[in-house]
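# Remarks on the overall topology
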Amino acid sequence: MTHEELEDAVPLYAVGALERTERQVLEAHLLSGCLACHSSLKEHQSVAVLLPFSLTLTQPPRAIKTKIMAARTPAAAAESVSQPPNKPSLEPGEWMNHLFPPDEPSPASSFAWVAGVVLLALLAGGGYFAWDSYTRIAEDTTKLAQLQTELDRTRSALAERERSLTASREDIQRRTSDVAALKDQLIQREAELDDAQAQLALRGGPPLRAPQDELGLLLRTPDVKAIPMAGTTMAKPAAGMLLFDARTKKAWLYAVNLPACPDGATYQVWAIYEKPVSVGLFCVNNGDTSHLFVTPLPNFKNAKQFIVSLEPVGGRSELSGPIYLSSQLP
Amino acid sequence: MSLTNSDVRVEQTTAMDSPLQQAQLAASTIDPKLMARVAKGDHQAFSQLYDQSSTLLYSMALRILGSREDAAELLQEVYLEIWRKVVRYDVGRGTPIAWLITLTHSRAIDRLRMPGARPRHQAGELHTSSLAPTGADRSSSPFESHADQELKSLVSRAWADLPRPQQQAIELAYYEGLSRAEIAARLNEPLDAVKTRIKLGMSKLREALRCHWDRAGSL
């Protein structure tokens, strides 16, 4: 308790508004000899004792005086005669006798006086300890409340960051899907490019090795992958074989007994990953019983299935037409 | 209990007191020498001390305890204690009436706090208007000394100048013996507000009454 707080407590002490512990702390302080507080207390006590002067006065019943006069004992009078009328000085703390006069007369022995002082000091010390503990508890409670507020603020910030992280994850997932779609388109463009190159060669472009020769070469390669394909209900007699050359990363599709493409339609080869991805286009003309189709296929090993469907000329980005050939990878 | 000769003399002397004589006996101007005489066992001095102070002390006891029976009983106990302990009065520490008021106030509050104490009137009554006298307990205002009337007027004016919340807080502490926390709970106000009200109220009263102390010396 600071001196300012003690000084503030003086008016409350004078009217008796302090708790026992607070009172003991202030009394201990006054016993220490603080002149400022002592002077302040005298002034405020002087105010307090004037308060009854403003009351509406009421005379006590007349019989009381008679009773009082009669009740005084010779022993009490003797006590009063034996005691010295005045004490010589204003000793520290003695002013408190005005507020708390002892119930029994003080013995004259110095031992009792010393014992009283020691007891008062112990009470004051105990009071101070209690007040100090109370103050510390109050401070700890305040700190705890501050920490709780800080914790709430941190939790709120953390929740905000979690929301932000979730949004970022969703954004990354969306962008990953976009990249996958772009990859698919790239593969399709590559296939289209290969097809265009093949058509260019057929129309008098630079001489290329005949596909049949290449197929013969491929069949002699020991580590070639061969995927059989069977006709669906759309073309039960049809069949096919898809070969994959890991060195050149090219796929060879040899199909037989496929119906000729109607006008405005073409066969489209699909590799099924998570979803169908176009591998390339080929057309079967009237009278053809077999067809050899070659296309780059860099991502062969992740394909779950291969399909041949009939789509409009130019192909579709998504599988939509009837399926004529289908494979089932082991 | 038998009375001594001096007791009888005191009763006779008291019985002869007239209103005019009582008018001269101001509570605020009790002579410290009278206390010294009481301390030496002077019955007549004790009787005079009673005549000068009993009305004020009884009024205060009545205000605190709220019952005439309790106030009368307390007054009897207080005067017997004064008779036994008057030797402890030290003029260096205050006027006789300050000592008597402090002693009576302390005993009345103790009695108020005793377990099983009679329930008193509720707080909030005006400082000067409660407990109007009835029957034989007539207000002694017409018989108050000039000095007491002047002091009463001064204190009443100072009191009336206080804002009501400050009056209320001081009243609850001084006349009902409530602690700061109890007052806060009673008025449903924060603890600090009660502290501030009492502090400000007492400071204002101190300033207003300073002229009295300068003129008459501290109580």
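The text that follows walks through the structure, step by step, so that each part is easy to find.

So, how was this worked out
- Residues numbered from 1 in each chain as written.
- Chains lettered and ligands numbered in written order.
- Predicted model: local features only at pLDDT ≥ 70, side-chain atom pairs only at ≥ 80, totals over all residues.
- Helix = DSSP H or I, 4+ residues; strand = E, 2+ residues; numbered from the N terminus.
- Expected span 1.5 Å × (residues − 1).
- Buried ≥ 20, exposed ≤ 12 C-beta atoms within 10 Å, placed from the backbone.
- Arc of directions from axis to C-beta.
- Core = buried A, V, L, I, M, F, W, Y, C linked by C-beta atoms within 7 Å.
- Contact = placed C-beta atoms within 7 Å.
- Pairing = 2+ DSSP bridges.
- Axes fitted to C-alpha atoms, helices over the stretch in contact; angles between N-to-C directions.

Time to look at helix α7 (residues 146–160) of chain B. All names here are of chain B. In this model, α7 (15 residues) spans 21 Å end to end at C-alpha, consistent with the 21 Å of a helix rising 1.5 Å per residue. Among all positions of α7, only D148, L151, K152, V155, A158 and W159 are buried. In a view along the axis of α7, the buried residues occupy a sector of 135°, so they form one face of it. Of the exposed residues in α7, those oriented more than 90 degrees away from the buried face are H146, S153, R157 and A160.

Before going further, it helps to examine the nonpolar core. V15 of chain A together with A61, L75, A173 and I198 of chain B are the most contacted members of the largest nonpolar core, which has 80 residues in total. Looking at this core, the element that brings in the most residues is helix α4 (residues 43–65) of chain B, giving twelve residues. Setting aside anything within four residues of it in sequence, one finds V15 of chain A in contact with A48 of chain A together with I170, A173, Y174, I198 and M202 of chain B. Judged by nonpolar contacts, the second largest core, of 28 residues, contains I187, A191, L242 and A271 of chain A.

Before going further, it helps to examine the sheet that holds strand β3 (residues 250–256) of chain A. All names here are of chain A. An order of β5-β4-β7-β8-β1-β2-β3-β6 is seen for the eight strands of this open sheet, with the pairing classed as antiparallel. Both outer strands of the open sheet, β5 (276–282) and β6 (290–296), are each paired with one neighbouring strand and no more. Recorded for the sheet is a direction-independent mean angle of 25° between the axes of neighbouring strands. Direction of pairing for strand β2 (residues 239–245) relative to β3: antiparallel, over a ladder of seven bridges. Bridge assignment links G240 to a residue of β3, and that residue is A255.

A word on unusual backbone geometry. Residues and elements named next belong to chain A. For K249, which is not a glycine, the phi torsion comes out positive at approximately 55°. Along the chain, the position of K249 falls in the loop between β2 and β3. With a phi close to 60°, N257 is a non-glycine residue in the positive phi region. Relative to the helices and strands, N257 resides in the loop between β3 and β4 (265–272).

Turning next to helix α2 (residues 20–31) of chain A. An α-helical turn contains 3.6 residues, so a residue and the one three or four places further along point in the same direction. Residue and element names in this part refer to chain A. Between its first and last C-alpha, α2 extends 16 Å over twelve residues, near the 16 Å set by a 1.5 Å rise per residue. Burial of α2 is extensive: nine of the twelve residues sit out of reach of the surface. What α2 keeps buried is the set E22, R23, Q24, V25, L26, E27, A28, H29 and L30. Looking one or two residues beyond α2, the residue adopting positive phi is G33, at roughly 100°.

Attention now goes to the pairing of strand β1 (residues 225–231) of chain A. In summary, the side chains of a regular strand alternate between the two faces of the sheet. Residues and elements named next belong to chain A. Bridging between β1 and β2 involves six bridges; their strand directions are antiparallel. The residue bridging I227 from the neighbouring strand is L242, located in β2. When β1 meets strand β8 (residues 323–327), the two strands line up antiparallel, connected through three bridges. In the strand pairing of β8, A230 is matched with S326.

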